[in-house]
Amino acid sequence: KPVALPDEAHTTQTRAIAFDPNGATWIGTSAGAWKNTAHGWQKKWPASGPARVNALAFSAHGDVWFGGDGLWRQRGDDTHAVAESLLERASVRDLFRSSDGTLWISTVGVWCAWRRTIRTVPTRCVSGGPKACRPTARTRCARTAMAICG
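Residues numbered from 1 in each chain as written. Predicted model: local features only at pLDDT ≥ 70, side-chain atom pairs only at ≥ 80, totals over all residues. Heavy atoms only, no water.

## Digging into the pairing of strand S7 (residues 70–75)
When strand S6 (residues 64–68) meets S7, the two strands line up antiparallel, connected through five bridges. Bridge pairing links Val64 to Gln74 in S7. Here S6 folds back onto S7, and the loop between the two strands holds one residue. Two strands pair when backbone bridges link them, and S7 and strand S8 (residues 78–82) are joined in this way by five bridges, in the antiparallel orientation. Bridge pairing in S8 places Arg75 opposite Asp78. The antiparallel hairpin formed by S7 and S8 contains two residues in its connecting segment, where Gly76 sits at a positive phi of about 65°. (Pairing = 2+ DSSP bridges. Helix = DSSP H or I, 4+ residues; strand = E, 2+ residues; numbered from the N terminus.)

## Here we look at the packing of aromatic side chains
For the coordinates displayed, the defined rule picks out three aromatic pairs. Taken together, the ring pairs connect Trp45, Phe66 and Trp72 into an aromatic cluster. (Phe/Tyr/Trp six-rings, centres within 6.5 Å; stacked < 30°, edge-to-face > 60°.)

## Regarding the sheet that holds strand S1 (residues 14–19)
Picture the strands of a sheet paired through backbone hydrogen bonds; they go either parallel or antiparallel. What the four strands build is an open sheet, ordered S1-S2-S3-S4; its pairing is antiparallel. Single-partner strands in this sheet number two, and they are S1 and strand S4 (40–45). Neighbour-to-neighbour, the strand axes of the sheet open up by a mean angle of 25°, direction not taken into account. (Axes fitted to C-alpha atoms, helices over the stretch in contact; angles between N-to-C directions.)

## Description of the pattern of salt bridges
Following the criterion strictly, the structure yields three salt bridges and no others. The residue Lys35 makes a salt bridge to Asp20 at a minimum N-O spacing of 3.8 Å. Of the two residues, Lys35 is situated in strand S3 (residues 32–37) and Asp20 in the loop between S1 and strand S2 (25–29); the sequence distance between them amounts to 15 residues. The class of Asp20 is buried, set by a relative accessible area of 9%. Residue Asp69 pairs with Arg52 through a salt bridge whose shortest N-O separation is 2.1 Å. In this pair, Asp69 sits in the loop between S6 and S7 while Arg52 sits in the loop between S4 and strand S5 (53–58), placing the two residues 17 residues apart along the sequence. (Salt bridge = Lys/Arg side-chain N within 4 Å of Asp/Glu carboxyl O. Buried < 20%, exposed > 50% of the residue type's maximum accessible area, 1.4 Å probe, protein only.)

## A closer look at the sheet that holds S8
Taken in spatial order, the four strands of this open sheet run S5-S6-S7-S8, and their pairing is antiparallel. Two strands bound the open sheet, and with one partner strand each, they are S5 and S8. Sheet twist, expressed as the average angle between the axes of neighbouring strands with direction ignored, equals 25°. Bridge count between S5 and S6: five bridges; the pairing is antiparallel. Its bridge partner lying in S6, Val53 is registered against Gly68.

Here's what the structure looks like:
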């Protein structure tokens, strides 16, 4: 059945929709992220002010990932920027969590991989998917961006 948007989101652009592991609906907007609960919509990020959320993803451990102007991870009540030196000026366009738990982050800028440390992924490796490329510390950034978070 149709679900009305939160009142605060009526004047914003809806940029993403996702479902968490418990089946709750989340939306990302030009002013933040909301979760639809039994008590209605609740703004989940940021606590105050607007922030563009283009993409949402969830870990099996309850982390929520927000992609917009950079990449943000919410764990419990703590939300912080991730890989700031690489992604602070990047516009994160999409997030995808693969079956092995890897989080793929597409941006405009450079292809990069992150599994506890930041690494770059050459563009030529991306067409074959995540298994086709095992980046090394010597890999250099290419033109279009993606990060991998494990």
